[in-house]
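Here's the letter readout for the chains.
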Amino acid sequence: MEFDKLKSIKDASETDALDVLESFITAKSQVFTFPNLSADLKGECVESILHLLQNPKISPRLAIACLQAFRILSRDKTNMQALTNERALGTLTMVSGIQEYARQMIENEDVTIHDGDQQVVVEAQKCLCNVIFNSVEAQKYCCKSGCVDGVVQRLKTYGDPTVTFDVKFFDMRILFLLTALPTCLATRPKVRYDLHGFTYLMEVLDLTLRACDSLGRGLTDQQVDLCAEILKILFNLTVSMDKKSADEEEEAHCMRLVSILNDLLMCNTVCREKQEELQSHTVNLLINIPSDFYEELLTPVTEEEKALENLDLEYDGKNMEAVNVILQFLENRLSVTGKNMKESLAPILHCLCKACKHNRSIRKFCRIKILPPLRSEVKQLPEEGNALRNKLCKLLTSPVTEVKDLVAHLLFILCKENVHRMVKYTGYGNCAGLLAQLGLLKLGDANQTKADYSSDSEDSDTEEYAELKNQINPVTGRWEEDRPDPMAGMSDEQKEYEATQLLSAIDKLHRQGIIQPCRVGEDGKPQPVEHVMELVEGGRGIGGSGGQSGAEGGAKKEED
């Protein structure tokens with residue numbers, strides 16, 4: 001019944017049309033699918049709405065009601081033809097003001113504020129977001145019709161206080177969709193290079209930060225939401241960035257962008273949950289930025305900061321506050337349970353791996369925070385405790401492969417890819433998976449990979465660690481009291497009998513398919529054996545390498 005009335009509003013008076021539209025909106029506000037609505041009836045309803053919207057004398061109230069009804073109909077992905085034809089999309093881009101801004105760009109006119117009711121504009125933007133998301137035809141139309149040009153052109157007006165937050169936000173939502181969806185991938189270079197959108201987006205971020213500073217308060221929820229949308233767009237524009245092919249202008253853009261990201265990391269927000277959201281988007285974008293520009297996260301320590309003697313956030317004469325924020329963000333994510341582990345941890349771990357791998361100052365600072373010199377805590381397992389090292393070591397045996405591998409690589413980088421140092425801080429059992437991947441299971445033969453790291457400094461073992469060092473089990477990474485030799489008093493025949501029993505048990509588990517015995521090959525990686533007797537012939541399996549143990553080899557010379 002509602003749809004029959006809706007299709008008839010084309011010939012109704014404004015009052016009657018408003019009554020029908022508002023009744024329809026109230027009844028269907030929480031409805032997202034219309035399984036009983038035919039394509040023909042849906043088309044007639046849309047036709048009536050468009051007829052009213054194209055009347056230049058339509059009142060703002062009626063226009064808003066028409067657009068709200070259109071948006072409700074656009075939620076259902078079936079029978080979208082009437083909502084995504086050239087007439088419907090052209091009407092939406094006209095009412096939203098995007099068409100006018102696109103015209104200004106094409107005709108090279110000075111940017112002027114489009115004269116229109118901003119509530120009407122926002123409703124049209126919402127409709128565009130729906131149809132772009134739900135329809136490939138709408139995506140293609142908006143990519144070639146000047147929609148992208150119009151949105152980028154309106155970016156230049158965001159410094160005007162009369163432009164409302166909602167207009168800015170939904171502009172950015174449209175631009176995000178048109179740079180994210182597979183159909184629109186060609187839009188990315190157009191926005192970035194042809195339309196100079198990269199520069200305008202950074203200017204909006206900078207403008208938002210300066211407005212926050214001038215008021216002396218944290219970013220509001222709306223400001224965070226706008227920044228988040230812009231960061232998502234910048235992520236799309238930089239996802240395939242190649243440092244090797246970057247020219248001077250590109251490098252200047254990257255330096256400025258990382259500097260802005262540094263400010264975003266250190267700014268406060270009114271709502272704590274919004275702070276984490278902003279940090280998350282910032283970290284995601286940092287992953288795309290070539291590592292050479294991470295130096296922009298570090299600022300020289302000022303004389304005022306030196307006077308405060310806040311040495312905890314200073315390293316090598318540089319302010320490490322932004323890096324410390326990233327570490328705190330990691331620790332907060334490690335403390336939250338119930339979230340998708342890969343989604344919540346992989347980006348931040350990836351970002352830290354990249355930063356520590358390619359920036360010496362960041363690596364050394366992170367090592368101090370994550371792997372401080374060991375003391376009496378070696379009396380517990382590396383994965384036990386509330387320190388950041390303990391939480392990360394616990395993830396070395398996580399069933400989430402991506403997280404486990406990223407944690408292992410981060411710790412390995414912090415150890416300057418030194419095998420014995422890695423064993424010292426994590427225990428051989430925890431890091432065996434990484435060592436197997438890298439072909440470094442032969443502890444006696446492998447010390448450090450060929451990565452370019454600074455030379456070792458003096459031995460930094462603490463007195464407490466030095467006293468306990470000889471009793472640390474390299475497999476578990478924990479100090480253990482001396483235990484009586486279980487084979488003391490056994491004859492050679494008894495020892496041989498126990499060894500045969502152990503070998504028999506391993507063989508049984510192997511034949512049942514429960515385990516796969518391996519030996520360490522010449523490449524330092526595990527190689528499956530066909531029969532357990534090969535373990536005896538080879539002289540050692542994965543568990544025994546005949547080389548210097550992690551506790552004994554240790555990191556003889558570590559960084560300060």
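Residues numbered from 1 in each chain as written. Predicted model: local features only at pLDDT ≥ 70, side-chain atom pairs only at ≥ 80, totals over all residues. Heavy atoms only, no water.

1. Quick notes on the packing of aromatic side chains
Going through the model one piece at a time under the given rule, you end up with four aromatic pairs. Ring geometry for F3 and F24: centres 5.6 Å apart, planes at 70°, overall edge-to-face. With a gap of 21 residues between them, F3 in helix α1 (residues 2-6) and F24 in helix α2 (residues 14-28) connect regions that are remote in the sequence. Residues F3 and F24 agree in their burial class; the two are buried. Through a chain of ring-to-ring contacts, three or more aromatic side chains come together here, namely F3, F24 and F34. Lying over the aromatic face of F176, K232 brings its terminal NZ or CZ to 4.5 Å of the ring centre. Against the face of W479 rests K379, its NZ or CZ located 5.4 Å from the ring centre. (Phe/Tyr/Trp six-rings, centres within 6.5 Å; stacked < 30°, edge-to-face > 60°. Helix = DSSP H or I, 4+ residues; strand = E, 2+ residues; numbered from the N terminus. Buried < 20%, exposed > 50% of the residue type's maximum accessible area, 1.4 Å probe, protein only. Lys NZ or Arg CZ within 6 Å of the ring centre and 35° of its normal.)

2. Section: the packing of helix α7 (residues 118-134) against helix α8 (residues 136-144)
Remark: α7 packs on α8, axes separated minimally by 5 Å, with the N-to-C direction vectors making an angle of 115°. Residue-level contacts link L128, V131, I132, F133 and N134 of α7 to V136, A138, Q139 and C142 of α8. Grouping the constituent residues of the contact of α7 with α8 by class yields seven nonpolar, two polar and no charged. (Axes fitted to C-alpha atoms, helices over the stretch in contact; angles between N-to-C directions. Contact = heavy atoms within 4.5 Å. Nonpolar A, V, L, I, M, F, W, Y, C, P; charged D, E, K, R; others polar.)

3. Overview of helix α17 (residues 321-335)
The periodicity of an α-helix, 3.6 residues per turn, causes residues three or four places apart in sequence to face the same way. Along its 15 residues, α17 runs 21 Å from first to last C-alpha, staying within 8% of the 21 Å computed at 1.5 Å per residue. On its buried face, α17 sits against α14 (248-266), α15 (272-288), α18 (341-358), α19 (360-370) and α20 (388-394). (Expected span 1.5 Å × (residues − 1).)

4. Regarding the environment of T78
With respect to the helices, strands and loops of the structure, T78 is situated in the loop between α4 (60-74) and α5 (86-95). Distance from T78 to S38, taken between C-alpha atoms, is 9.5 Å for residues 40 residues apart in sequence.

5. Overview of the pattern of salt bridges
In total, this model carries 27 salt bridges according to the counting rule given. The closest approach of N and O atoms between K190 and D149, which form a salt bridge, is 3.0 Å. With K190 in helix α11 (residues 187-194) and D149 in helix α9 (residues 147-155), this residue pair connects regions lying 41 residues apart in the sequence. Through salt bridges with shared partners, a single ionic network connects E100, R103, E107 and E109. (Salt bridge = Lys/Arg side-chain N within 4 Å of Asp/Glu carboxyl O.)

6. Section: the confidence of the model for the chain
Summarising the model, the chain shows a mean pLDDT of 88, and 89% of its residues fall at 70 or more. For the stretch residues 540-560, pLDDT sits under 50, and the model shows 65 contacts to residues farther than four places along the chain or on other chains. (pLDDT = per-residue confidence, 0-100.)

7. What to know about the packing of helix α6 (residues 98-106) against α9
Between α6 and α9, the least distance of the axes is 7 Å, while the angle of their chain directions is 85°. When the interaxial angle is binned, α6 and α9 end up roughly perpendicular. For the pair formed by α6 and α9, the contact residues are I98, Y101, A102, Q104 and M105 on the first element and C147, D149, G150, V151, Q153 and R154 on the second. (Parallel < 35°, antiparallel > 145°, perpendicular 65-115°, else oblique.)

8. Here's the deal with the side chain of T91
Within the fold, T91 resides in helix α5. Residue class for T91 comes out buried when judged on its relative accessible area of 3%.

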